[in-house]
Amino acid sequence: MPEDKSSVATKRLNQVSAHLSAQRLPPDYADVRSQISTLRKIAATPDINRRGYIRQKQAGKLWVRERLEELLDRDSFQEIGSLSGTVTWEQTGPMQEKPVSFVPSNNVQGMGKLRGRRVLLTADDFSLRSGHADGATAGKTIYLEKLALALKLPVVKLVDGSSGGGSVTTIRKEGWSYLPHVSMYKHVVDQLNQGIPNLGAVVGPAIGLGAARVVSCHFSVMAADVGSLFNAGPEVVKGATFEEGLDFQSLGGPLIHCTNGTIDNLAANEVECYEQIRTVLGFLPNCGREAPPVVASDDPEDREDEALRQIIPRRQARMYNPRTIITSVVDRDSWFEIGALWGRTAIGGLARLGGRPIGVVSLDCEVNSGALDAAGSQKLTRLLKLCDVMNLPVLQFIDVPGYAIGTAAERTATMRWGVELAKAYNSTTMPMFNVITRRVYGVAGGIMIGARDPVMQVAWPSGQWGSLPLEGGIEVAHRHELREAEKEGRKAERYQELDEEYRRLMNPVRTANAFGIEEIIDPKDTRKVCCAWARHAYKVMIPERLADRAAGRIQPVFS
């Protein structure tokens with residue numbers, strides 16, 4: 001049945017009215033752009049009356065946006081998810097509204113530059129629900145982790161809170177309890193193994209998931225004045241273990257976690273944390289498909305240091321500072337130590353030779369004579385894996401009397417972790433060069449120098465090696481003979497004779513005569529020799545390695 005004229009007229013009038021109403025909206029979308037501008041302005045302006053912000057400042061911490069300004073190159077930050085959060089809207093017309101309040105997501109993410117290099121960044125805002133999941137947008141965190149894999153860009157994580165970890169208030173908000181999932185972790189593991197640098201800073205209490213995120217990084221640093229880390233806070237611990245009177249520092253401060261290997265390095269404050277992150281990134285590629293960045297160096301590669309001739313004492317029981325050797329050989333001011341406060345029998349870090357980044361391994365004879373203990377083995381294992389995924393050649397200064405011995409060594413599972421170190425040496429494939437400065441003894445010595453075939457190494461005139469050090473070794477090998485000499489009152493005399501004979505036979509030149517050591521060099525020439533090796537490694541070996549990784553013939557693993 002055809003519509004009457006009145007119905008047709010009404011329908012037409014409604015159509016015209018709707019068309020005219022739509023036309024009243026700005027053709028350049030100024031209303032939408034105004035909403036965006038308003039929300040971004042609110043997010044970028046601290047609410048100085050908010051309780052969380054006041055606590056943040058009272059604790060001596062920077063606000064999240066201040067951290068971005070302190071860390072990144074000026075005006076380089078491009079936020080991702082700048083509008084994510086909780087908005088209260090006020091309707092201003094049939095089709096229009098405006099934001100009247102905005103609580104941003106408590107995790108700020110985006111892209112910026114560190115000394116000109118583009119990086120991805122995620123930073124917790126502890127002033128909003130202490131970084132818990134009920135103040136966050138979970139999709140942002142997962143998106144950034146995926147983006148790092150897609151773009152092959154380093155990720156910097158500033159942790160202050162739980163980084164989106166759980167809170168019981170989520171149950172109340174949602175109306176139901178949930179199974180805990182850590183969906184982003186698979187992507188983190190992929191990044192670690194692909195050599196996409198993950199660098200983390202603890203700039204507040206890192207709790208639960210936040211703690212896991214920063215500890216998972218290739219490199220982590222904690223601010224001594226505001227940083228702490230724990231699985232659960234003091235109140236939860238009190239209810240579970242009945243430990244009372246704990247605060248953030250006594251539960252998980254730097255005196256705990258920067259000395260047990262949970263966190264790599266300690267910094268005095270947030271500013272120093274960020275400087276360490278910049279420094280470490282300067283040694284690393286954007287991903288494992290690239291070579292580490294080479295920089296110009298004004299330190300001559302043939303520079304000599306005659307002081308190295310005398311640094312190793314002739315008296316075997318005397319010690320020396322091995323860091324003096326490292327800083328003499330590598331480029332001036334390029335040495336960056338990792339893990340100086342834990343696993344102290346071992347020394348590890350990053351440096352440059354002729355501007356080329358390398359990893360450096362040494363032992364500290366001033367700590368337990370340099371005998372590798374469980375913590376030292378763990379530290380070196382971690383460093384070797386880091387160098388492997390980042391394509392960093394490794395320079396070793398060898399002076400190792402063997403694995404640590406005694407009841408303390410047995411209680412801490414020294415051999416278990418020593419075997420893990422052996423696995424790391426033999427499963428990694430980055431170029432390696434050894435400078436034997438003094439001792440190479442036992443299983444530990446054999447593992448450290450024997451992981452490459454052919455081995456590339458030189459020795460100093462102070463070198464000495466064997467299955468066991470003479471101290472103790474003579475007693476074991478000549479037990480019966482010394483016992484008989486003791487009956488005649490000649491034990492000390494006979495021991496002295498044996499000691500002198502062995503020391504004569506252990507002249508490193510005799511080893512070189514039998515080609516047991518490839519070459520003995522003048523210590524003053526060590527830098528020139530090491531730079532020549534690094535130059536060749538970057539010209540020939542690293543390009544071949546990159547081709548092998550691209551073809552899948554080698555697959556380094558960090559985690």
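Model, not experiment: these values are computed from the prediction.

## Quick word on the overall build of the chain
Scanning the chain from N- to C-terminus turns up 22 helices and 17 strands. A globule of 559 residues ought to have a C-alpha radius of gyration of about 24 Å, yet the chain, at 31 Å, is considerably larger. The dimensions of the chain, computed from C-alpha atoms along their principal axes, are 135 × 60 × 45 Å. Relative to its full complement of 559 residues, the chain shows a buried share of 48%. Of the contacts made within the chain by residues no fewer than 6 positions apart, 73% connect residues no fewer than 24 positions apart. Distance between charge centroids for the chain: 5 Å, based on 68 positive and 65 negative side chains.

## Looking at unusual backbone geometry
A cis geometry characterises the amide bond from Asp453 onward to Pro454, with omega recorded as 5°. Mapped onto the elements of the fold, Pro454 is located in the loop between helix H17 (442-449) and strand S16 (457-459). Even without being glycine, Arg115 reaches a positive phi, approximately 50°. With respect to the helices and strands, the residue Arg115 is situated in the loop between strand S4 (107-114) and strand S5 (117-124). Its relative accessible area of 51% is what places Arg115 among the exposed residues.

## As for the UniProt feature "domain: CoA carboxyltransferase C-terminal" (unreviewed entry) in the chain
Per the UniProt record, "domain: CoA carboxyltransferase C-terminal" (unreviewed entry) is annotated on residues 300-548. When the span residues 300-548 is considered, its composition is 45% helix and 16% strand, and the gap between its end C-alpha atoms is 32 Å.

## Brief notes about the side chain of Ser84
Relative to the helices and strands, Ser84 resides in the loop between strand S1 (78-79) and strand S2 (85-93). Only 2.7 Å separates the side chain of Ser84 from the backbone oxygen of Gly81, close enough to count as a polar contact. A polar contact of 3.2 Å, which involves the side chain of Ser84, links it to the side chain of Lys140.

## A short note on the domain arrangement of the chain
One frequently used descriptor of interface size is the decrease in accessible area upon assembly of the parts. When cut into domains, the chain gives domain 1 (31-168 + 180-283), domain 2 (306-460 + 521-551) and domain 3 (468-511). The C-alpha centroid of domain 3 is placed 62 Å from the C-alpha centroid of domain 1.

## Some details on the pattern of salt bridges
Between side chains of opposite charge, a pair can form when the charged atoms approach closely. Per the stated rule, a full pass over the model turns up 34 salt bridges. Residues joined by salt bridges that share partners form a network here, namely Asp299, Arg303, Asp331, Arg332 and Arg527.

## Describing empty space enclosed by the protein
Tallying each qualifying case throughout the model produces four cavities of 30 Å³ or more. Quantified by volume, the largest cavity comes out at close to 100 Å³. Forming the boundary of the largest cavity are His218, Asp264, Ile338, Gly339, Trp342, Gly348, Gly349, Lys379, Arg382, Leu383 and Leu386. For the lining of the largest cavity, the secondary structure elements donating two or more residues are strand S12 (346-353) and helix H14 (374-389). Examining the composition of the lining of the largest cavity, we find that four residues originate from one element, H14, more than from any other. Per-class residue counts for the lining of the largest cavity are four nonpolar, four polar and three charged. Empty space within the second largest cavity amounts to approximately 40 Å³. Taken together, Ala43, Arg65, Glu79, Gly81, Ser82, Ser84, Pro104, Ser105, Asn107, Val108 and Lys140 form the lining of the second largest cavity.

## Considering helix H22 (residues 526-551)
With 26 residues, H22 extends 35 Å between its outermost C-alpha atoms, agreeing within 8% with the 38 Å of an ideal straight helix rising 1.5 Å per residue. Along its length, H22 shows its largest kink, about 45°, at Ala537. By the burial criterion, the buried members of H22 are Thr526, Arg527, Cys530, Cys531, Trp533, Ala534, Ala537, Tyr538, Ile542, Arg545, Leu546 and Arg549. Once H22 ends, the next one or two residues include Gly552, with phi positive near 80°.

## Overview of the packing of helix H18 (residues 470-477) against helix H20 (residues 491-505)
To characterise two packed helices, one gives the angle between the axes of the helices and the distance between these axes. With their axes 11 Å apart at the nearest point, H18 and H20 run at an angle of 120° to one another. With respect to H20, the element H18 is oriented oblique. Between H18 and H20 lies a crossing of right-handed hand. Here Leu470, Glu471, Ile474 and Glu475 of H18 lie close against H20, whose contacting residues are Tyr495, Leu498, Asp499, Tyr502 and Arg503.

## Description of the side chain of Ser377
Looking at the secondary structure, you find Ser377 in helix H14. Classification of Ser377 by relative accessible area gives buried; the value is 0%. Dropping the residues within four chain positions of it, Ser377 is found in contact with Leu372, Tyr403, Trp417, Gly418 and Leu421.

## Describing the packing of aromatic side chains
Counting across every chain of the model gives four aromatic pairs. The side chain of Lys61 reaches across the aromatic face of Phe126, ending 4.0 Å from its centre. Between the NZ or CZ atom of Arg352 and the centre of the ring of Phe283, over which it lies, the distance is 4.3 Å.

## Some remarks on the nonpolar core
Of all hydrophobic cores here, the largest spans 69 residues; its most connected members are Leu158, Leu372, Tyr425 and Met448. Sort the elements by how many residues they give to this core and H14 lands first, with six residues. If you count residues domain by domain, this core takes at least three from each of domain 1 (31-168 + 180-283) and domain 2 (306-460 + 521-551). Core analysis: the second largest hydrophobic core is formed by 26 residues, Ala351, Ile358, Val360 and Trp460 among them.

## Side note on the pairing of strand S14 (residues 394-400)
Regular strands place side chains that alternate from one sheet face to the opposite one. Counting buried positions over the seven residues of S14 gives seven, a clear majority of the element. What you see with S14 is no split at all: Val394, Gln396, Ile398 and Val400 on one side and Leu395, Phe397 and Asp399 on the other are buried throughout. By the bridge criterion, four bridges tie strand S13 (residues 356-363) to S14 in an arrangement that is parallel. Paired with Val360 across the strands is Leu395, a residue of S14. A crossover connection joins S13 to the parallel S14 through H14; in handedness this β-α-β unit is right-handed. Bridging between S14 and strand S15 (residues 432-441) involves six bridges; their strand directions are parallel. Counterpart to Ile398 in the pairing with S15 is Ile436.

Each value, and the rule that gives it
Residues numbered from 1 in each chain as written. Predicted model: local features only at pLDDT ≥ 70, side-chain atom pairs only at ≥ 80, totals over all residues. Heavy atoms only, no water. Helix = DSSP H or I, 4+ residues; strand = E, 2+ residues; numbered from the N terminus. Rg over C-alpha atoms; globule rule 2.2 N^0.38 Å. Buried < 20%, exposed > 50% of the residue type's maximum accessible area, 1.4 Å probe, protein only. Contact = heavy atoms within 4.5 Å. Lys, Arg positive; Asp, Glu negative; His and termini not counted. Charge placed at Lys NZ, Arg CZ, Asp CG, Glu CD. UniProt positions renumbered as here; feature names shortened; annotations may be inferred. Polar contact = N/O pair within 3.5 Å; in protein donor to acceptor, adjacent residues only side chain to side chain. Domains from an automatic or database assignment. Salt bridge = Lys/Arg side-chain N within 4 Å of Asp/Glu carboxyl O. 1 Å grid on protein atoms, 1.4 Å probe; cavity = no way out; pocket = protein on both sides within 12 Å on 5 of 7 lines; lining within 4 Å. Points joined across faces, edges and corners; volume = space filled by probe spheres on them. Nonpolar A, V, L, I, M, F, W, Y, C, P; charged D, E, K, R; others polar. Expected span 1.5 Å × (residues − 1). Bend = angle between axes of the 7 residues up to and from the residue. Axes fitted to C-alpha atoms, helices over the stretch in contact; angles between N-to-C directions. Parallel < 35°, antiparallel > 145°, perpendicular 65-115°, else oblique. Left-handed = near helix turned anticlockwise from the far one by under 90°. Phe/Tyr/Trp six-rings, centres within 6.5 Å; stacked < 30°, edge-to-face > 60°. Lys NZ or Arg CZ within 6 Å of the ring centre and 35° of its normal. Core = buried A, V, L, I, M, F, W, Y, C linked by side-chain atoms within 4.5 Å. Pairing = 2+ DSSP bridges. Right-handed = clockwise from strand over helix to strand, strands pointing away.

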